[in-house]
Amino acid sequence: MPTDVVMPQMGESIAEGTIVRWIKKVGDKVDRDEPLFEISTDKVDAEIPAPTAGVLAEILVTEGQTVPVQTLVARIETEKGAAVGAGVSAPVAAQPAPTPAGGPPVKQSSPAPAAEPHPSPAAASASPLGNGNGLEDRLRTKSSPLVRKIAAEHGIEIAAMRGSGIQGRVTKRDLEQYISSGAAAAPAAQRASMHAPGGAVQHGPAAEPWAGDKVEAMSKIRTLTSDHMVASRRTNAHVTSFFEVDLTRVARIRHKNRAAFEAQTGQKLTFLPFIIKTVVDTLKQFPVLNAAVSGSTIIYRKQYNIGIAVALDWGLIVPVIKGADDLSLSGLTRSLNDLAERARAKKLKPEEVQQATFTITNPGVFGSLMGTPIIPLGTSAILGLGAIEKRPKVVSGPDGEDTIAIRTCAYFSLSFDHRIVDGADADKFLATVKKGLESFPDMTL
């Protein structure tokens, strides 16, 4: 008997997924829970295990296709010696998708353009009826990367439109109609005049490939990173401050306790847990750095969830240490290592990359001295850590005499949202972090 394999829902807010690659091919034998295919969503990449043992009989969704959750993507034949299909079947878009639990039926649109209804520009610009939390609302606003790119270039809010796609999703044709009607011209012109000098257009022409160039499509994670970074630069009023921090005391504490710590916990002790602990303690003194802007209001978060940027071979992801204020140095170390390892193995859950209230990025591991990181949307600041290295510094002794000593130092950079964070508060925050690290107490495991 064949077993259906569907696009899983990797979190409540996720309405679709993209097949990145098929790990197994048609005709391959698969074991239960063996990785079958890899998907990419708006939140996380993951390898999806086979729901049963058998033979992969059909692949219904090809690599690169994006389909709603609960869409049938493959079939596994569980009967021994059963016939196997010759390859990829007809596109899944021609079939109706199963109904997701708790939501309305999701119908796939026909791949033929003529079968797709075309709303008028007025209909396409109608405000959404839902509250943004239901499956219909999520499907409607999760447009393709191309559609989001076109909308961003013309200053169009997709969430305010109802299109002709699945559950009212805005399609490329909807946007072209909307743009050709002239409805988007005035807002775009206003934004261009605000952000570009002398009336220059906000976005230049797209680059064209030259002879001999290699051209490849952005991966899902790269497209999402691009969208997020551009949106953040347009939304947050970025300012960056820099402080040099003397980590000599932390280096000595770490060196003194490293062997015992590793023997007790089985984890390597790095500088990062010391920094996270100090940052969390300081955030409690400066709550605006742990806040978010919502229209004309400020949301002061009571949770301290620290996002840690992890560089992967295929992109960047930011797993989140939830409730970091409740963790000791050993607890922070375990969480850090666990999240980083599972990020590289594509084993993170969607909720593990959400709800950060403050973020730390560590380009110093690659030798960078300092940088100006971009603030993640929904937060007010991000801390960048430069390379930790020994430097000659002027140090005042107990007798007041100055001497040159070798100190372990690093540059810390804080990018903050100047809409709600004043420069004085940002600098006081960094000064307090500096003081906390330079006078770090003897560690308690």
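Along each chain, numbering runs from 1 in the same order as the chain's sequence is written. Reporting of local features is limited, given that this is a predicted model, to residues whose pLDDT is at least 70; pairs of side-chain atoms are given and counted only at 80 or more, and all residues count toward the totals for whole chains, interfaces and linings. Only hydrogens and water are set aside when side-chain values are computed; all heavy atoms of the structure are taken into account.

Chemist: Explain the overall build of the protein chain to me, using residue names and the numbers behind them.
Modeler: Under the DSSP-based scheme used, a helix requires at least four consecutive residues in state H or I and a strand at least two consecutive residues in state E, with every element numbered from the N terminus. Helix and strand counts for the protein chain come out as 10 helices and 19 strands. Expressed as a percentage of its 445 residues, the buried residues of the protein chain come to 40%. By definition in these notes, contact holds between two residues if any of their heavy atoms fall within 4.5 Å. Within the protein chain, counting contacts between residues at least 6 apart in sequence, those at least 24 apart form 66% of the total. Areas reported here follow the Shrake-Rupley algorithm with a probe of radius 1.4 Å; residue values treat only the protein chains shown as occluding. Accessible area of the protein chain: about 22,800 Å², with a carbon and sulfur share of 54%. Any residue under 20% of the maximum accessible area for its type is buried, any over 50% is exposed, and the rest in between are partly exposed; the area is computed with a 1.4 Å probe on protein chains only.

Chemist: Got a sec to walk through the pairing of strand S16 (residues 358-361)? Specific residues and values, please.
Modeler: The two faces of S16 match: Phe-358 and Ile-360 on one face and Thr-359 and Thr-361 on the other face are all buried. Pairing between strands is defined by DSSP: at least two bridges between them are needed. In this structure, strand S12 (residues 306-308) lies alongside S16, joined through 3 bridges in parallel fashion. Residue pairing in the sheet places Ile-308 in a bridge with Ile-360 of S16. Sheet analysis places S16 next to strand S17 (residues 381-385), joined by 3 bridges and oriented parallel. In the strand pairing of S17, Ile-360 is matched with Leu-383.

Chemist: Go over the pattern of salt bridges with me, naming the residues and quoting the values.
Modeler: Salt bridges, as used here, are contacts in which a Lys or Arg side-chain nitrogen is within 4 Å of a carboxyl oxygen on Asp or Glu. Applying the stated criterion across every chain yields a total of 18 salt bridges. Notably, a salt bridge pairs Arg-342 with Asp-338, separated by 3.0 Å at the nearest N-O pair. A residue pair is termed a helical-turn pair when its members lie 3 or 4 positions apart in one helix, as Arg-342 and Asp-338 do in helix H9 (residues 329-344) at 4 residues. One salt bridge in this structure joins Arg-391 and Glu-389, with 3.1 Å as the shortest N-O distance. Here the salt bridges share partners, and the residues they tie into one network are Arg-21, Glu-38, Glu-47, Lys-346 and Lys-347.

Chemist: If you had to explain the confidence of the model for the protein chain to someone new, which residues and values would you point to?
Modeler: The quantity called pLDDT is the predictor's confidence in a given residue, expressed from 0 to 100. The share of residues in the protein chain with pLDDT of 70 or more is 76%, and the mean pLDDT across the chain is 80. Note that residues 89-136 has pLDDT below 50 and, in this model, 84 contacts with residues that lie over four places away or in other chains. Across residues 188-202 the pLDDT falls below 50, and counting only partners more than four positions away or on other chains, this stretch makes 10 contacts in the model.

Chemist: Go over the side chain of Thr-379 with me, naming the residues and quoting the values.
Modeler: Relative to the helices and strands, Thr-379 resides in the loop between S16 and S17. When its relative accessible area of 4% is taken as the criterion, Thr-379 is described as buried. We call two N or O atoms a polar contact when they sit within 3.5 Å, provided that within protein one can donate a hydrogen and the other can accept it, with sequence-adjacent residues counted only if both atoms are side-chain atoms. In terms of polar contacts, Thr-379 uses its side chain to reach the backbone carbonyl oxygen of Pro-376, at 2.7 Å. Not counting residues within four places of it along the chain, the set of residues in contact with Thr-379 comprises Asn-236, Ala-291, Ala-356, Thr-357 and Phe-358.

Chemist: So what about the sheet that holds strand S7 (residues 66-68)? Which residues, and what values?
Modeler: What the 4 strands build is an open sheet, ordered S5-S4-S2-S7; its pairing is antiparallel. Across the chains shown, the open sheet's two edge strands, defined by having one partner strand only, are strand S5 (45-49) and S7. Within this sheet the neighbouring strands show an average axis-to-axis angle of 40 degrees, counted without direction. For helices, the fitted axis covers only the stretch in contact; all axes are lines through C-alpha atoms, and the angles between them, taken along N-to-C directions, range from 0 to 180 degrees.

Chemist: So what's going on with H9? Residues and values would help.
Modeler: The span one expects for a helix is its residue count, reduced by one, times 1.5 Å. An ideal rise of 1.5 Å per residue puts 22 Å on 16 residues; H9 measures up with 23 Å between its terminal C-alpha atoms. If you check which residues of H9 are buried, you get Leu-329, Ser-330, Gly-331, Leu-332, Thr-333, Leu-336, Leu-339, Ala-340, Arg-342 and Ala-343. On its buried face, H9 is in contact with helix H7 (248-265), helix H8 (272-283), S12, strand S13 (310-312), strand S14 (315-317) and strand S15 (320-321).

Chemist: How would you summarise the sheet that holds strand S3 (residues 29-30) if you had to cite specific residues and measurements?
Modeler: Reading across from one edge, S1-S8-S6-S3 is the order of the 4 strands in this open sheet, with antiparallel pairing throughout. The open sheet has two edge strands, strand S1 (2-6) and S3, and neither has a second partner.

Chemist: I'd like to hear about the packing of aromatic side chains, residue by residue, with values.
Modeler: Ring pairs are drawn from Phe, Tyr and Trp, using the six-membered ring of Trp, whenever the two centres fall within 6.5 Å, and their geometry is named by plane angle: stacked under 30 degrees, edge-to-face over 60, tilted for the rest. Applying the stated criterion to the full structure yields 4 aromatic pairs. Here Trp-22 and Phe-37 contribute two aromatic rings whose centre-to-centre distance is 4.9 Å and whose plane-to-plane angle is 45 degrees, an arrangement assigned as tilted. In this pair, Trp-22 is assigned in strand S2 (residues 16-22) and Phe-37 in strand S4 (residues 35-40), connecting sequence segments 15 residues apart. Look at Phe-37 and you get buried, because its relative accessible area is 0%. Ring plane angle 70 degrees and centroid distance 5.2 Å describe the contact between Phe-274 and Phe-440, whose orientation is recorded as edge-to-face. Note that Phe-274 is positioned in helix H8 and Phe-440 in the segment after helix H10 (423-438), a separation of 166 residues in sequence. Residue Phe-274 is classed as buried on the basis of its relative accessible area of 0%.

Chemist: Tell me what's going on with the nonpolar core, and back it up with residues and numbers.
Modeler: Take the buried residues of types Ala, Val, Leu, Ile, Met, Phe, Trp, Tyr and Cys, join any two whose side-chain atoms come within 4.5 Å, and each joined set is a nonpolar core. Among the nonpolar cores identified, the biggest contains 53 residues, and Ile-276, Phe-358, Ile-360, Leu-383, Phe-412, Leu-414 and Leu-437 are the most heavily contacted of them. Dropping the residues within four chain positions of it, Ile-360 is found in contact with Leu-272, Ile-276, Val-279, Ile-306, Gly-307, Ile-308, Ala-309, Leu-383 and Leu-385. Counting residues in each nonpolar core, the second largest holds 20 residues, with Val-5, Met-7, Ile-19 and Trp-22 among its members.

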